[in-house]
Structures are given as C-alpha cells and as structure tokens.
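Chains, contacts and geometry: an overview
Here is what each chain is made of, one letter per residue.
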Amino acid sequence: MVPVCIFFAATIPAYAQKDSSGQSSSKGLFESNEVLHIKLTGNLRDLMNDRGDKPKLHPLTISYTGESGTEVALPIQAKTRGHFRKALGGCTYPPILLQFSKNDALASSVFSQQSKLKLVMPCRGDEYVLHEWMPYRIYNLVTPESFRARLVSVELNDTRKNKTTPPFYGFLLEEDHQVASRNHEVLIKRKMTPEQMAPDEFLKMAVFEYLIGNTDWSVEYQNIKILAPDSNSVPVSVPYDFDFSGLVNAPYAQPPEELRMTSVRERRYRGYCVQDMKVFDDVIAFYNQIKPDIYKLYTDCTLLDAKYVKETLAYFDQFYKTINDPAAVKKEFGYPCDKNGTGNVVIRGLKGNPQPQDDEDADQ
C-alpha cells in the first residue's frame, strides 16, 4: 500500500459528522488513509469482453498486501456492469462488479464487511478516475449521508494471456445498504419526486451537483439513492456517478440533449422551482463555510496534475462568485421557475426506468 492525498489524515469536519448517538463510520475498507493496491488474477480477457446485456460471473482471485506484509488472496466472482461505459467502444475497461463469498479468509480481510463491490475502472486514462473520485470526497464533507470511495491501484494478471498490466488507478464504491446502515436509515425503493425530499438536505445536494457541474441526475430516475430512518419518514437523496460532470470533464462526457447545453463545463441548477431566494441563505452559508476544506482536498492531493488542480480551483472560484452575488443566485437557482427553460426536464437515463431495486448494472 502507498500513501494517498494528505487530506485523508484529517478527520471529516464536525459539520459532516454524527455524534455517538448516530455515528456514521465504522472500521473497514473505507476507513483507511492509504491507496489500496489490489491484483485481479484470472481469465480477464473473457471478463472484459463479456459486455452484453446479461454478463455472466467469472471466477477471479483478488489479492493485496496485508498489514503484516503478507499477501492476502481471496476467491471472488466478477462481471462487467454499467450501461454507457460498458457499451462505449472507446473505453479501455468496463466497470466491474466484484462478488465475495463469506468464509474465514474474507472475515479476517480488509473486505470482511463486503458482499458486492463496484470497481470503477479507467475508461480513457486513469487521471479521469482520480477526477471522478474527488467529488465523492467533496460530498463526504457535505454530509455523512454520502457514498464513500476507496482509491485503489489495480494490477490485472491475465492467466489466459500470461500477462500482467502496469498498475493503474480505480476506486471501490461503498455499497448502498452500507451507506444506509451507518446512518441508521433504510433504502427507499419506491419512485419519489424532489419535492418529497427533506428540503434543506435536498438543497444542499442540488447545490453540490451545481458546484461540480453535474446535470446527469434526477430523483425519479437517475443516479440518486433515497434514504430515510423508516418508510414513513421524510427521505433524503444521495447522489452518485459523477463522470458526466464538468468537474471531471471526461472526454466522452456530453450534457443531456434535452437540456440544450453546449458543454458539461456549463453549470445548470437542476433543483425544483423556489421563488424566494432566501431559502438558499443557509445553504450558501454552509458552502462558504466548507470552502477552505473543498479547496484543500485539491491543493493537498499530489496525485492530481497541477494543471488540473489550477483549472479546478478556477472552476470553484466561478461557483463561489455566483453564490455570493444575489443577482446571480436569483438567475441561476431560479432557473427551474423559467417556463421557457429546461429546468423542469426530468433526466430518465438510458433505459428511462424508475430507480431500480438493485442497480448493480449502473455505471456506479
């Protein structure tokens, strides 16, 4: 294992934590401050080429170096997943789903609490994996009701070709039921609308999506999980899958055609119509409060290219200029109220279906 960005050494700020009565963390895979080096061994060619609608499970071994310095190897099964990136011809690797079997070796490993893990692989260059991993870190600052992502260095040992790839970056994404469990909540599987979400938390989430320049989401259909203390409580929306955001700026990313935007770097607020801009006062104050921590994520992370960091900070500067200008706030955050605009367009995703019961086939 190798050191990762300096900011991991610090704990999540108090405004993004829960106290001992609602503690949001537990020891395990997503609690480390280091990049985890993993090796996947098996017939990887067959796995990577299995990109149809119903990919099968392929036997593999996942291995890593444990704390004692010895290699830990676990038998697993894996299959390709996702829609866009799996089908995209220009993607080097498709996203992968790793499935673990319960046994004594698993119980004593870093994966002891895992059942199914999504492994995000490079589509076109692993620098974009790093770009995509960072928005999860930002949202971890916003709320514990967020997905945690563990950066990994991946080697592929293809036994069929007798070839091992040089290491590249990927990341593992926390399982949705784990996000719910550590926040003492449950997953809500029924279709809901933005207006049914807890208002304050929804505004924080929607402004976060605006911050990173992401329009590829909707509560009803796309890239949102819904959590609540129980099925009768007011729920919160938890975002994921940020590769189409302006912050990541992936070479294949384009804004949804329905929004009539020219670039993913263009920001578009995608919340519901709010007439009174004072509703945003607390949210704006919150994002001003965490501004130093957001910037520090990037300035302290030596894994990121210096040019990308500079461009990202300038992109954030535009956001902060907007939210601290009342006229700009009214124009940007009031956009969903424009009947001639695209603020009320619902993004339905590739299949146009409501949020699935089990979205292991989602890109993330």
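Everything in this summary refers to the structure shown in the same document. (Residues numbered from 1 in each chain as written. Predicted model: local features only at pLDDT ≥ 70, side-chain atom pairs only at ≥ 80, totals over all residues. Heavy atoms only, no water.)

1. Digging into the state of the cysteines
In plain terms, the rule: Two cysteine sulfur atoms make up a disulfide if the distance between them is within 2.5 Å. Numbering of helices and strands runs from the N terminus; a helix is a DSSP stretch of H or I covering at least four residues, while a strand is a stretch of E covering at least two. Three exposure classes are used, based on accessible area relative to the maximum for each residue type with a 1.4 Å probe and protein chains only: buried under 20%, partly exposed in between, and exposed over 50%.
One pass over the structure, following the stated rule, counts 2 disulfides. The disulfide partner of C91 is C123, and the S-S distance across this bridge is 1.9 Å. Taking the sign of the S-S torsion, -85 degrees for the link of C91 and C123, the bridge is left-handed. On the criterion of sequence distance, the pair formed by C91 in the loop between helix 2 (84-87) and strand 5 (96-100) and C123 in the loop between strand 6 (116-120) and helix 4 (127-142) is long-range, its members being 32 residues apart. C123 carries the same exposure label as C91, and that label is buried.

2. Points about empty space enclosed by the protein
Quick note on the threshold: Only protein atoms enter the calculation, which uses a 1 Å grid: trapped sets of points that fit a 1.4 Å probe without letting it out are cavities, open sets showing protein on both sides within 12 Å along at least five of seven lines are pockets, and any residue with an atom within 4 Å of a point is a lining residue. Grid points are joined across faces, edges and corners, and a volume is the space filled by probe spheres set on the points.
For the structure shown, the criterion picks out 3 cavities of 30 Å³ or more. Here the second largest cavity defines a volume of roughly 60 Å³. Around the second largest cavity sit 13 residues that line it, and C123, Y128, V129, E132 and Y252 are the ones nearest its centre. For the lining of the second largest cavity, the element with the most residues is helix 4, which contributes 3 residues.

3. Examining the packing of aromatic side chains
How we decide: Pairing of aromatic side chains here covers Phe, Tyr and the six-membered ring of Trp, requires ring centres within 6.5 Å, and sorts the geometry by plane angle: under 30 degrees stacked, over 60 edge-to-face, intermediate tilted. Counting as a charge over the ring demands two things of the Lys NZ or Arg CZ atom: a distance within 6 Å of the ring centre and an angle within 35 degrees of the ring normal.
Applying the stated criterion to the full structure yields 22 aromatic pairs. Three or more aromatic residues link up through ring pairs in this structure, and these residues are Y210, Y269, F280, F286, Y287, Y295, Y298, F316, F319, Y320 and F333. Seen from the ring of Y315, R265 lies directly overhead, with NZ or CZ sitting 4.0 Å from the centre. Above the ring of Y210, the side-chain terminus of R267 is found at 5.9 Å from the ring centroid.

4. What about a negative patch on the surface?
Put simply, the rule reads: Candidate patch residues must exceed 30% relative accessible area and have no salt bridge, after which like charges are joined if within 9 Å and Val, Leu, Ile, Met, Phe, Trp or Tyr side chains if within 5 Å. With residues, only the protein chains shown are counted as cover, and all accessible areas are computed by Shrake-Rupley using a 1.4 Å probe. One side-chain nitrogen of Lys or Arg within 4 Å of one carboxyl oxygen of Asp or Glu is enough to make a salt bridge. Residues scored as positive are Lys and Arg, those scored as negative are Asp and Glu, and His as well as the terminal groups of each chain are ignored. Where a charge sits is defined by one atom per residue type, namely NZ (Lys), CZ (Arg), CG (Asp) or CD (Glu).
Negative charge collects at one region of the surface, where D200, D276, D281 and D282 lie side by side. Looking at where D276 falls in the secondary structure, it is placed in the loop between strand 12 (236-239) and helix 7 (281-289). Judged by relative accessible area, which is 43%, D276 ranks as partly exposed.

5. Focus: the environment of D241
Mapped onto the elements of the fold, D241 is located in the loop between strand 12 and helix 7. Exposure remark for D241: the relative accessible area of 4% places this residue in the buried category. Residues D241 and N214, 27 residues apart in the sequence, show an inter-C-alpha distance of 9.5 Å.

6. Some words on helix 10 (residues 326-333)
What counts, and what does not: The reported arc concerns the directions from the helix axis to the C-beta atoms and nothing else. Contact criterion: two residues are considered in contact whenever any of their non-hydrogen atoms come within 4.5 Å of each other. Pairs of N or O atoms within 3.5 Å make up the polar contacts considered here, provided that, within protein, one atom can donate a hydrogen while the other can accept it, and that residues adjacent in sequence are counted only when both atoms are side-chain atoms.
Taken as a whole, helix 10 has its buried residues at A328, V329 and F333. All buried residues of helix 10 fall inside an arc of 105 degrees around its axis, so they share one side. Across from the buried face of helix 10, at angles greater than 90 degrees, the exposed residues are A327, K330 and K331. The elements touched by buried residues of helix 10 are helix 6 (199-211), helix 7 and helix 9 (306-323). Its side-chain oxygen at 3.1 Å from the backbone nitrogen of A327, D325 defines the N-terminal cap of helix 10.

7. A word on the pattern of salt bridges
Summed over all chains, the structure comprises 7 salt bridges. One salt bridge in this structure joins E174 and R182, with 2.8 Å as the shortest N-O distance. For the pair E174 and R182, a shared accessibility class is recorded, and that class is buried. Of the charged contacts, one joins K225 and D176 as a salt bridge, the two residues approaching to 3.4 Å between their closest N and O atoms. You can see K225 sitting in strand 11 (residues 224-228) and its partner D176 sitting in helix 5 (residues 176-182), a full 49 residues away along the chain. For the pair formed by K225 and D176, the shared burial category is buried.

8. Overview of unusual backbone geometry
The residue H184 is not glycine, and still its phi comes out positive at about 55 degrees. For H184, the location among the structural elements is in the loop between helix 5 and strand 10 (186-187).

9. Details of helix 8 (residues 291-299)
Those residues of helix 8 that fall on the buried side of the exposure criterion are I294, Y295, L297 and Y298. The buried side chains of helix 8 occupy one side of the element, clustering within an arc of 145 degrees when seen end-on. If you follow the buried residues of helix 8, they end up packed against helix 4, helix 6 and helix 9.

10. Quick look at the pairing of strand 7 (residues 149-158)
Stated precisely, the cut-off is as follows: One requirement defines pairing of two strands: DSSP has to find at least two bridges between them.
Counting buried positions over the 10 residues of strand 7 gives 10, a clear majority of the element. Residue alternation in strand 7 divides its side chains into two sets, A149, L151, S153, E155 and N157 and R150, V152, V154, L156 and D158, and both sets are buried. Strand direction decides the pairing type here: strand 2 (residues 34-42) and strand 7, joined by 7 bridges, are parallel. From the neighbouring strand, I38 faces strand 7, where its bridge partner is V154. Pairing of strand 7 with strand 9 (residues 168-173) involves 6 bridges; the strand directions are antiparallel. Within the sheet, the bridge partner assigned to S153 lies in strand 9 and is Y169.

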